[in-house]
Amino acid sequence: MSDDLTVGTEVARREVTVDRARLVRYAGASGDFNPIHWNARVATSVGLPDVIAHGMWTMGAAGAVVADWAGDPGRVVDYQVRFTRPVPVPDPGAATVEVVAVVGALDAAAGTARIDLTVSLDGARVLGKAQAVVRL
Amino acid sequence: MQVDTSYAGREYPPNAVYEVGREKLREFADAVGASHPAHTDPSAARALGYPDVIAPPTFAVVVAQRAEAQLFEDPAAGIDFSRVVHADERFTHHRPIHAGDRLVTVLHVDSITVRAGLAMITTRAEIADESGEAVATVVSSLAVRPEDS
C-alpha cells in the first residue's frame, strides 16, 4: 500500500476464474445451498441462462483483492455492492471475472480510503456501486 | 403468496450464539479465494494485533443469514424463496471477526415495499459479542419477483 494515494489511481487488478466445483465449495462454506448455483435444470427452469455464481461469492472474491492491497483484511471496515447482472458458470469450463480497484475518495480526517471496484464478465459489469472503505 | 408488509419495523429477539471456528474461517476464505495468511495462520494474525485468525470481509453473511432465516422461513411472512433475487449487500465492521468469537445477532426488518408486484425487503443484522460490544452490521436487500413473471 502506497503512502501517496491519489483519487483515480488503480491500486489492484485481478482475474478470478469460477467453475462449478468452486460454486459447490462456496455453497458448503457459506451454507447457501440454493440449487440455482449448482443445478442447471433448476436454474433454467426459473429463467436463468445457466447455473449462476452466488452473488456473495463474487462479492467475496472481489473483497479479497481489496484485503490483499490493504495488507490486513481487518482494515476493510465497510464493503457494499449491488448485484446488477448474473455470472453464468458453464460446464464444462469456467467463467473469468475481472476485478479492478481504483481509489474513489480519500478522507484524511477519518484516515480512510474508499476503493471503487469494477467487477466485470466479458466487459459487462456484474456489480454496481461496489465500494470498500479501507482504514489506512 | 403475498409478502406481508406488516413485518416492516420488526425486531427479532437475539439469535442463538454463533461460535466462530478456525477451520470454518479457513474453509470460507479458501472458497472465495481470500489467500491472506491472517485468515489461516494464527501467528500471521497475531503479528497484525489480532487474538486469532480473522474472517474475510464477507464472512459475516454466514452469521447474518442464520438470523435472517427467522424472517424467510416464517410462512406467514409470505416470502417465496424460489422467486428471490439478491439486490444488494453491505457490511460495516466495527472490528474484525476472529476465531473464538461467540456472536449474537439481532435481526431488524428495516423495510418492505411492494411496487407493481415486486417486493423489496431490507434486513439489518446487528452482530455483537456476548458482552454486547458491536462487531458488525450486515444490511441486505432482496427482491421478490411477482408470481406471474
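Because the structure is a prediction, the values reported are computed rather than measured. Within each chain, residues carry numbers counting from 1 in the order of the written sequence. All chains are assigned letters beginning with A, and all ligands numbers beginning with 1, in the order in which they are written. Per-residue local features are limited, in this predicted model, to residues with pLDDT of at least 70; the limit for side-chain atom pairs, both in listing and counting, is 80 or more; totals at the level of whole chains, interfaces and linings are taken over all residues.

(A) Region of interest: the overall build of chain B. Helix and strand counts for chain B stand at 3 helices and 5 strands. Strands are runs of DSSP state E lasting at least 2 residues, helices are runs of H or I lasting at least 4, and numbering of each runs from the N terminus. When the helices and strands of chain B are listed from N to C terminus, the series reads β-α-α-α-β-β-β-β. In terms of principal-axis extent, the alpha carbons of chain B reach across some 55 × 30 × 20 Å. Evaluated residue by residue, chain B yields a buried proportion of 39% over its 149 residues. We call two residues in contact whenever the C-beta atoms placed from their backbones are within 7 Å. Intrachain contacts of chain B at a sequence separation of at least 6 include 71% that bridge at least 24 residues. Any residue surrounded by 20 or more other C-beta atoms within 10 Å of its C-beta is treated as buried, while 12 or fewer makes it exposed and the intermediate range makes it partly exposed; C-beta atoms here are placed from the backbone.

(B) Quick peek at the interface of chain B and chain A. Across the boundary between the two partners, chain B contributes 29 residues, which contact 28 residues of chain A. The element best represented in the side of chain B that touches chain A is strand S2 (residues 84-93) of chain B, accounting for 8 residues. When residues are sorted by character, Ala, Val, Leu, Ile, Met, Phe, Trp, Tyr, Cys and Pro go into the nonpolar class, Asp, Glu, Lys and Arg into the charged class, and all the rest, Gly among them, into the polar class. Considered class by class, the residues forming the side of chain B that touches chain A number 15 nonpolar, 10 polar and 4 charged.

(C) Quick look at helix H1 (residues 20-30) of chain A. Those residues of H1(A) not exposed but buried are A:Arg22, A:Leu23, A:Tyr26, A:Ala29 and A:Ser30. Seen along its axis, H1(A) keeps its buried residues to an arc of 125°; they face one direction. Residues of H1(A) that are buried in the fold lie against strand S1 (10-18) and helix H3 (55-70) of chain A together with helix H1 (22-32) and helix H3 (60-72) of chain B. A:Gly31, located one to two residues past H1(A), shows a positive phi value of around 85°. As used here, the arc is the angular range of directions from the helix axis to the C-beta atoms.

(D) Inspection of the packing of H1(A) against H1(B) at higher detail. Structural elements are reduced to axes, namely lines fitted to C-alpha atoms, with helices fitted over the stretch in contact, and the angle between N-to-C directions of any two is expressed from 0 to 180 degrees. Here H1(A) crosses H1(B) at 150°, and the two axes come no closer than 9 Å. Considered as vectors, H1(A) and H1(B) are oriented roughly antiparallel to each other. Relative to H1(B), the crossing made by H1(A) is left-handed. On H1(B), the residues touching A:Arg25, A:Tyr26, A:Ala29 and A:Ser30 of H1(A) are B:Glu27, B:Phe28, B:Ala31 and B:Val32. The residue inventory of the contact of H1(A) with H1(B), partitioned by class, reads 5 nonpolar, 1 polar and 2 charged. For classification purposes, an angle smaller than 35 degrees is called roughly parallel, one larger than 145 roughly antiparallel, one from 65 to 115 roughly perpendicular, and anything else oblique. By definition, turning the near helix anticlockwise from the far helix through less than a right angle yields a left-handed crossing, and turning it clockwise yields a right-handed one.

(E) Seen up close, the environment of B:Ala55. All names here are of chain B. Locating alanine 55 in the fold gives a position in the loop between helix H2 (42-47) and H3. As for alanine 55 and histidine 39, which are separated by 16 residues in sequence, their C-alpha atoms are 5.9 Å apart. If sequence neighbours within four positions are ignored, alanine 55 has contacts with Val20, Leu25, Ala60, Pro96 and Ile97.

Any functional reading would require information beyond the geometric quantities listed.
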